[in-house]
Amino acid sequence: MEVSMGLWVLTIVGLAALIAVDFFIGRKPHEVSIKEAGIWTVVWIALAGLFGLGLLVYGGGQPAGEFFAGFITEKSLSVDNLFVFVLIMAKFAVPTQYQQRVLLVGVLIALILRAVFIAAGAAILASFSWVFYLFGAFLIWTAWKLVQEARADEEDEEYEENKLLKAAERRFGVADRYHGTKLWIQQNGKRVMTPMLVVMLAIGTTDVLFALDSIPAIFGLTQDPYIVFTANAFALMGLRQLYFLIGGLLRKLVHLSYGLSIILGFIGVKLVLHALHESGVHVPEISIPVSLGVICAVLAATTLTSLLASRKQAAVEAARAGGEGARKDSVDV
């Protein structure tokens, strides 16, 4: 799809305006309720849907289909990010009323860094078509790694700070407590970071690590930088509200890693087939409608099996607790 510079500018200005409205509404630190999170989650999804319909009118069915496939893929992969966000919030003991501000700025940092990744990826793919093989192989390897991690089932998983974050803490120092929403303070005559700034950087830079698989994944669905960027933007901007909406349900999505591995492996195969086709090999290519159908079906099946497995596990634990209680009562008697 041909995208003029004017449309790029208009899109970026529109996204900036949406972020500004989001920041203005949530400028006062407060504990986000389930109702508030639910309303804004619906709003962001509706905005993404309207944007996709706009692409349908402006560019036709192909760009719109690519956007919706990319948005759903990025949204599903971003849910996996929420597991790590929960660990980060716990590690830094972020007060409940400040969590929405932390996530807003952290996601904004992630969006800026992803834009750099997308620009670099688009330039590389335009110059070297063999990179499709590399992206496809990387996604298939990532899918296998996700399966291995899911089988490991590490209950005592902890967040570890990356080297960049540790270097910043050593260079500038960190205050011993939160000071409202301040990012820098004067302590013993020295300007130091507050834990608020540290956790924002932690969320922003950690998301970049997730972008290492999500960016190649969406390039497997479309090579249009405009669609790649907007799909990422809409997926990330609603992530803050999604955190508060399903934060308590994350542990119930026990099969999410398996579903994401299937999606990444599927897109990896799609990329390899596309690369072979570009090289002159006569192989079938996977269309966008098929990709969209597979992604939606996998996510629906994963969610259903996860909820059934969680319900079964809860019933087993309840029965076990009841048995232990009965044995304790008999001992007391």
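No experiment lies behind these values; they were computed from the predicted model shown.

> Describe a positive patch on the surface, listing the residues and the values that go with them.
Among the surface-exposed residues, K91, K163, K166 and R170 lie close enough to one another that they form a single positively charged patch. The element that contributes the greatest number of residues to the positive patch is helix α6 (residues 163-172), accounting for three residues. Mapped onto the secondary structure, K91 falls in helix α3 (residues 61-91).

> Residues and numbers for the side chain of S261, please.
Following the sequence through the fold, S261 ends up in helix α10 (residues 256-278). Look at S261 and you get buried, because its relative accessible area is 6%.

> Go over the pattern of salt bridges with me, naming the residues and quoting the values.
For the structure shown, the criterion picks out one salt bridge. Between R114 and E74 there is a salt bridge, with the nearest N and O atoms lying 3.1 Å from each other. Of this pair, R114 sits in helix α4 (residues 99-127) while E74 is found in helix α3, placing the two residues 40 residues apart along the sequence. You'll find R114 and E74 in the same group, each marked buried.

> Please set out the packing of helix α1 (residues 5-25) against helix α2 (residues 34-59) residue by residue, giving values where relevant.
As a packed pair, α1 and α2 sit with axes 13 Å apart at the nearest point and diverge in direction by 170°. When the axes of α1 and α2 are compared, the pair comes out roughly antiparallel. Of the residues in α2, those in contact with L7, L18, D22 and I25 of α1 are W40, W44, L47 and Y58. Split into classes, the residues belonging to the contact of α1 with α2 amount to seven nonpolar, no polar and one charged.

> Which residues make up the environment of S287, and what values do they have?
You can see S287 is positioned in the loop between α10 and α11 (288-332). On the basis of relative accessibility, which here comes to 34%, the residue S287 falls in the partly exposed class. Residues S287 and G65, spaced 222 residues apart in sequence, show a C-alpha to C-alpha distance of 9.9 Å.

> Outline the packing of aromatic side chains, supporting the account with residue identities and numerical values.
Following the criterion strictly, the structure yields nine aromatic pairs and no others. When the ring of F51 is compared with that of Y226, the centres are 6.2 Å apart and the planes differ by 40°; the resulting orientation is tilted. Residue F51 is found in helix α2, and its partner Y226 is found in helix α8 (residues 225-237); the two are separated by 175 residues along the sequence. The class of Y226 is buried, set by a relative accessible area of 2%. Ring plane angle 90° and centroid distance 6.1 Å describe the contact between F67 and F234, whose orientation is recorded as edge-to-face. Of this pair, F67 sits in helix α3 while F234 sits in helix α8, placing them 167 residues apart in sequence.

> Explain a nonpolar patch on the surface to me, using residue names and the numbers behind them.
A contiguous nonpolar surface patch, about 500 Å² in accessible area, is contributed by I124, F128, W130, Y133 and L134. Locating F128 in the fold gives a position in the loop between α4 and α5 (131-152).

Cut-offs and rules
- Residues numbered from 1 in each chain as written.
- Predicted model: local features only at pLDDT ≥ 70, side-chain atom pairs only at ≥ 80, totals over all residues.
- Heavy atoms only, no water.
- Patch = residues over 30% accessible without salt bridge, like charges linked within 9 Å, V, L, I, M, F, W, Y side chains within 5 Å.
- Areas by Shrake-Rupley, 256 points an atom, 1.4 Å probe, with all protein chains shown as cover.
- Salt bridge = Lys/Arg side-chain N within 4 Å of Asp/Glu carboxyl O.
- Lys, Arg positive; Asp, Glu negative; His and termini not counted.
- Charge placed at Lys NZ, Arg CZ, Asp CG, Glu CD.
- Helix = DSSP H or I, 4+ residues; strand = E, 2+ residues; numbered from the N terminus.
- Buried < 20%, exposed > 50% of the residue type's maximum accessible area, 1.4 Å probe, protein only.
- Axes fitted to C-alpha atoms, helices over the stretch in contact; angles between N-to-C directions.
- Parallel < 35°, antiparallel > 145°, perpendicular 65-115°, else oblique.
- Contact = heavy atoms within 4.5 Å.
- Nonpolar A, V, L, I, M, F, W, Y, C, P; charged D, E, K, R; others polar.
- Phe/Tyr/Trp six-rings, centres within 6.5 Å; stacked < 30°, edge-to-face > 60°.

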